[in-house]
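Residue strings, one per chain:
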Amino acid sequence: MARDLGEQNREWFARYKEDVKKEGKPFFPRAILHDTVMSLIVVCVIIGLAVIWYYDANGVKPGILGPLYAPPADPGTTSFVPRPDWYFYFLFYLLRIFKWPETVFIATVGIPTICLVLLLGLPFYDRRRERRPSRRPVAMIAAILTVLSMGVLTWKGATANEALGSELVLLVPKWAHQQGFTGKKLPTKGATLFAQSGCLNCHTYLGQGAGQLGAPNLSAIGKTNDAAFFVQYITNPAAFGNKVMGSYSYLGQQNMRAIGAFLAASDGPK
Ligand code: HEC
């Protein structure tokens, strides 16, 4: 303990130099050869996978490594819920934990940046030469915690209940309270369907939703028409000159009546 870090480091460095002299292996040709062989193996594996992917999938039938071609992207889709590749699930899940807009910046930029800066700074604030895991408790615990939290977040992200709808549904009681239809069965069911059916990918409602493609705010839509009209409208929006919104008749008459009742009950927050 009495010796300072500099002295300890110089001693270790001298020992390291000695070790290299005694049993070190030359970089050329030994290390170069190893790298070359390993690189070749990696390239061969990639080529092999590409060959298997190409010849195993025939036409439309996907092979073990996936389909040759996926269907073309549909730019007009409204029900698509974007998901990242699996290695971004942990960030994706962070986004779900932190709520827009107050804390999202912390989650997506703040935390990863802090971690990166800590990692970049590591050689500057940890100057010891100690490598044995048991002698590096802080680093080991930090590493384990990082791996563990990334693992848990990845798993949560992978199994996350999809469709923004699942979160929007939680707002139904609040909507009912604000619009004054608490306890009324049909509008409440309609509100749930409204939250689940992707209406808020275009419309806005009491501060939620996207406000896309010129879709109006529906918070006070109940003032303009009655439930029967809304059922007709969502059955065939095109008949009302709406070329953007698709028909919701696939939901069935019962469900559309519920949505109609919900819209009719939405005559603006009290
Ligand atoms: C693809 C985007 C999109 C989706 C999804 C969508 N709508 Fe619309 N909706 C629109 C647009 C755009 C308009 C306005 C059309 C117009 O002004 O002619 C509209 C109009 C309406 C209107 C009439 C508003 C008025 O002022 O008369 C109602 C009611 C409505 N939508 C309900 C719904 C419901 C309920 C859902 C979900 C079941 C839904 N919409 C889903 C785009 C969408």
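Preceding this paragraph is the structure being described.
First things first, this report covers the structure right here in the doc. (Residues numbered from 1 in each chain as written. Predicted model: local features only at pLDDT ≥ 70, side-chain atom pairs only at ≥ 80, totals over all residues. Heavy atoms only, no water.)

**Section: the site of the ligand**
What surrounds the ligand is a group of 21 residues, the closest being Cys199, Cys202, His203, Asn242 and Met245. At 2.7 Å, a side-chain N or O of His203 approaches a nitrogen atom of the ligand. The separation between a nitrogen atom of the ligand and a polar side-chain atom of Asn242 is 3.3 Å. Counting residues per element, the ones that place at least two in the shell around the ligand are helix H9 (227-235) and helix H10 (253-265). With three residues, the top contributor of residues to the shell around the ligand is H9. Grouping the amino acids of the shell around the ligand by side-chain chemistry returns 16 nonpolar, five polar and no charged. (Near = heavy atom within 4 Å. Polar contact = N/O pair within 3.5 Å; in protein donor to acceptor, adjacent residues only side chain to side chain. Helix = DSSP H or I, 4+ residues; strand = E, 2+ residues; numbered from the N terminus. Nonpolar A, V, L, I, M, F, W, Y, C, P; charged D, E, K, R; others polar.)

**Describing the side chain of Asp126**
Of note, Asp126 is situated in the loop between helix H4 (104-125) and helix H5 (137-158). Judged by relative accessible area, which is 19%, Asp126 ranks as buried. Of the polar contacts made by the side chain of Asp126, one reaches the side chain of Arg136; its length is 2.4 Å. (Buried < 20%, exposed > 50% of the residue type's maximum accessible area, 1.4 Å probe, protein only.)

**Details of the nonpolar core**
Among the nonpolar cores identified, the biggest contains 28 residues, and Trp175, Phe181, Phe194, Tyr205, Phe262 and Leu263 are the most heavily contacted of them. Among the elements that line this core, the one with the most residues is H10, at six residues. Tyr93, Leu94, Ala107 and Leu153 belong to the second-largest nonpolar core, a separate cluster that totals five residues. (Core = buried A, V, L, I, M, F, W, Y, C linked by side-chain atoms within 4.5 Å.)

**Some details on the packing of helix H8 (residues 185-196) against H10**
Packed helices, taken two at a time, are described by the angle their axes make and the gap between the axes. Interaxial distance between H8 and H10 falls to 7 Å at its minimum, and their mutual angle equals 100°. By the angle class used here, H8 and H10 are roughly perpendicular. Every residue of H10 that contacts H8 at Leu186, Pro187, Lys189, Gly190, Ala191, Leu193 and Phe194 is listed here: Gln254, Asn255, Arg257, Ala258, Ile259, Ala261, Phe262, Leu263 and Ala265. Taken together, the residues of the contact of H8 with H10 sort by class into eleven nonpolar, three polar and two charged. (Axes fitted to C-alpha atoms, helices over the stretch in contact; angles between N-to-C directions. Parallel < 35°, antiparallel > 145°, perpendicular 65-115°, else oblique. Contact = heavy atoms within 4.5 Å.)

**What about the pattern of salt bridges?**
What the rule picks out here adds up to one salt bridge. The shortest N-O distance in the salt bridge between Asp126 and Arg136 comes to 2.4 Å. Taken together, the residues span a long stretch of sequence, with Asp126 in the loop between H4 and H5 and Arg136 in the loop between H4 and H5 at a distance of ten residues. (Salt bridge = Lys/Arg side-chain N within 4 Å of Asp/Glu carboxyl O.)

**Focus: the environment of Ser266**
By secondary structure assignment, the location of Ser266 is in the segment after H10. Sequence separation between Ser266 and Asn9 is 257 residues; the distance between their C-alpha atoms is 73 Å. Side chain to side chain, Ser266 and Tyr205 meet in a polar contact 2.7 Å long. Of the polar contacts made by the side chain of Ser266, one reaches the backbone oxygen of Phe262; its length is 2.8 Å.

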